[in-house]
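Coordinates in review
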Amino acid sequence: MISIPSVGEAEKLIEEKLGGWFDVVISHIPNFIVAVVIAIVFSILARFAGKLMKNVLRRSLDSKQIADLMASIFKVIVLCVGLFIALDFMGLKGTVTSLLAGAGIVGLAIGFAFQDMTENLIAGIAMGIRKPFKAGDVIETDDVFGSVHSINLRNTLIESFYGQLILVPNKVLFRNVLKNYTTLGVRRIEVPVGISYGDDIEKAKDVIVDKINEFDFVIRKDETAVYAEGFGDSSINLLVWFWIKYPGEPDFMTVRHKGVVAVKQALDEADISIPFPIRTLDFGIKGGEKLDAMISDKISQQSANKDSGDDADSSQSE
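Described in the following lines is the structure provided in the data block.

So, how was this worked out
- Residues numbered from 1 in each chain as written.
- Predicted model: local features only at pLDDT ≥ 70, side-chain atom pairs only at ≥ 80, totals over all residues.
- Heavy atoms only, no water.
- Patch = residues over 30% accessible without salt bridge, like charges linked within 9 Å, V, L, I, M, F, W, Y side chains within 5 Å.
- Areas by Shrake-Rupley, 256 points an atom, 1.4 Å probe, with all protein chains shown as cover.
- Salt bridge = Lys/Arg side-chain N within 4 Å of Asp/Glu carboxyl O.
- Helix = DSSP H or I, 4+ residues; strand = E, 2+ residues; numbered from the N terminus.
- Buried < 20%, exposed > 50% of the residue type's maximum accessible area, 1.4 Å probe, protein only.
- Polar contact = N/O pair within 3.5 Å; in protein donor to acceptor, adjacent residues only side chain to side chain.
- Contact = heavy atoms within 4.5 Å.
- Expected span 1.5 Å × (residues − 1).
- Pairing = 2+ DSSP bridges.
- 1 Å grid on protein atoms, 1.4 Å probe; cavity = no way out; pocket = protein on both sides within 12 Å on 5 of 7 lines; lining within 4 Å.
- Points joined across faces, edges and corners; volume = space filled by probe spheres on them.
- Nonpolar A, V, L, I, M, F, W, Y, C, P; charged D, E, K, R; others polar.
- Core = buried A, V, L, I, M, F, W, Y, C linked by side-chain atoms within 4.5 Å.
- Lys, Arg positive; Asp, Glu negative; His and termini not counted.
- Charge placed at Lys NZ, Arg CZ, Asp CG, Glu CD.
- Phe/Tyr/Trp six-rings, centres within 6.5 Å; stacked < 30°, edge-to-face > 60°.
- Lys NZ or Arg CZ within 6 Å of the ring centre and 35° of its normal.

For the rest of this paragraph, the subject is a nonpolar patch on the surface. Residues F32, I33, V36, V37, I40, V41, I44 and F48 make up a contiguous nonpolar surface patch of about 740 Å² in total accessible area. Considering the arrangement of structural elements, one finds V36 in helix 1 (residues 7-60).

Structure below.
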């Protein structure tokens, strides 16, 4: 049978419990004060460390958003370290362990729920550190070609040469092959051209190189070259190479236009022809004579049919 304590016993039991708790609180007051001091110190330290980190990152990174985000993350990390030290100093190791486990689970859930956003964010931070390009650079990737307008945490805004603004997720730029035409500051122009089989390839090469090197925008003039690329249906195919500063003035399209015009003028002045597509029927090759005979028989048959038709018309008219 359960015995119910009297009122006096209950009061004594409550008094003992409260007294025990009070003694525990009194004994932990110094640790609590030290923990509060630690938290305050780390809070001040986090504020100054965050400002210092922000200034450093803004000077080293092109995107202020990425710099501010990384500085904020660093500030939160310092605050969390101070909080965990304070809790551990108060003897709450279990609380620290629970907080860390809970933070890990919450972070994992958020990562799965916002996978694309998280991936773009991480890619933006990684590109902010690696800096494969900056605002104003001309880049090409994943069928996107244009000038970088702005860079933020989740995406990059690119202005195409057709006058459109293209919003590209950072993970696309981070995963795919990226061409940066601005890093080296130069670009090679390629102009294909064909000359007739009867013309001299070396002469064509010399006159084209001399003509191209007359332009002031051509750099590395000793590397201006013309190469025989192969045999075409009606011409010897040549490939003209020369270098320009890029980006620069004149622009790429203007330079390529002037290059094509210069190649045409050089060949015309040297009396070297750029042939039209030509088709030659040679009945002297193997099988060609039989084809010639078949065509002749067909023509003879058509002529005979026409003559017989004319005779029939004449007899009907009589």
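Attention now goes to the side chain of N170. Of note, N170 is situated in helix 5 (residues 170-175). Look at N170 and you get buried, because its relative accessible area is 0%. Among the polar contacts listed, one links the side chain of N170 to the side chain of T156, at a separation of 2.9 Å. Apart from the residues lying within four places of it in its own chain, the contact partners of N170 are N120, A123, G124, M127, N152, L153, R154, N155 and T156.

The next subject is the side chain of T182. Position of T182 relative to the elements: it lies in the loop between strand 5 (179-180) and strand 6 (186-195). Here T182 is in contact with G136, D137, V138, Y246 and P247, once residues within four sequence places are set aside.

Further remarks concern helix 7 (residues 252-269). A rise of 1.5 Å per residue sets the reference length of helix 7, with its 18 residues, at 26 Å; its end C-alpha atoms lie 26 Å apart and thus fit the reference within 8%. At the C-terminal side of helix 7, D271 shows a positive phi close to 60 degrees.

Further remarks concern the sheet that holds strand 4 (residues 165-169). The sheet built from five strands is open, its strands ordered 4-3-2-1-5 with antiparallel pairing. With partners counted over all chains shown, the strands left at the sheet margins are strand 4 and strand 5, one partner each. Pairing between strand 1 (residues 138-141) and strand 5: two bridges, direction antiparallel. Its bridge partner lying in strand 5, I139 is registered against N180.

We now examine the layout of surface pockets. Gaps between atoms show up when a probe of the same size as a water molecule is rolled over them. Empty space within the largest pocket amounts to approximately 380 Å³. In terms of lining residues, the largest pocket is bounded by 13 residues, among which F145, F161, Y246, F252 and M253 are the most central. The element best represented in the lining of the largest pocket is helix 7, accounting for three residues. Here the residues of the lining of the largest pocket are counted per class, giving eight nonpolar, two polar and three charged.

Relative to the assigned elements, L79 resides in helix 2 (residues 64-89). Between the C-alpha atom of L79 and that of A46, which follows or precedes it by 33 residues, the distance is 6.0 Å. Ignoring anything within four residues of it in the chain, the contact list for L79 reads F42, S43 and A46.

Attention now moves to the nonpolar core. If you look at soluble globular proteins, the nonpolar side chains tend to sit buried side by side. Counting 26 residues, the largest nonpolar core has I212, V240, F242, V263 and L267 as its most contacted members. Elements that contribute at least two residues to this core include exactly strand 6, helix 6 (201-212), strand 9 (236-245) and helix 7. Sequence-distant contacts of V240, that is, excluding residues within four places in its chain, are made with I189, E190, V191, V193, I208, I212, A225, V226 and V263. Ranked by size, the runner-up nonpolar core spans nine residues in total, among them M127, V144, V148 and L173.

Further remarks concern a positive patch on the surface. A cluster of basic side chains, namely R47, K51, K54 and K75, defines a positive patch on the protein surface. At three residues, the largest contribution of residues to the positive patch is made by helix 1.

Here the focus is the packing of aromatic side chains. Enumeration over the complete set of coordinates arrives at seven aromatic pairs. For the ring pair Y197 and F231, a centre distance of 6.3 Å and an interplane angle of 10 degrees mean the geometry is stacked. Of this pair, Y197 sits in the loop between strand 6 and helix 6 while F231 is found in strand 8 (residues 225-231), placing the two residues 34 residues apart along the sequence. On the basis of relative accessible area, F231 is assigned to the exposed category, the value being 72%. Taking the centre distance of 5.2 Å and the plane angle of 70 degrees together, the rings of Y227 and W241 count as edge-to-face. Of this pair, Y227 sits in strand 8 while W241 sits in strand 9, placing them 14 residues apart in sequence. Through a chain of ring-to-ring contacts, the aromatic side chains of F145, F161, Y181, Y246 and F252 assemble into a single cluster. Over the face of the ring belonging to F252 we find R187, whose NZ or CZ atom lies 4.1 Å from the ring centre. Positioned above the aromatic ring of W241, the side-chain terminus of R188 is 3.6 Å from the ring centre.

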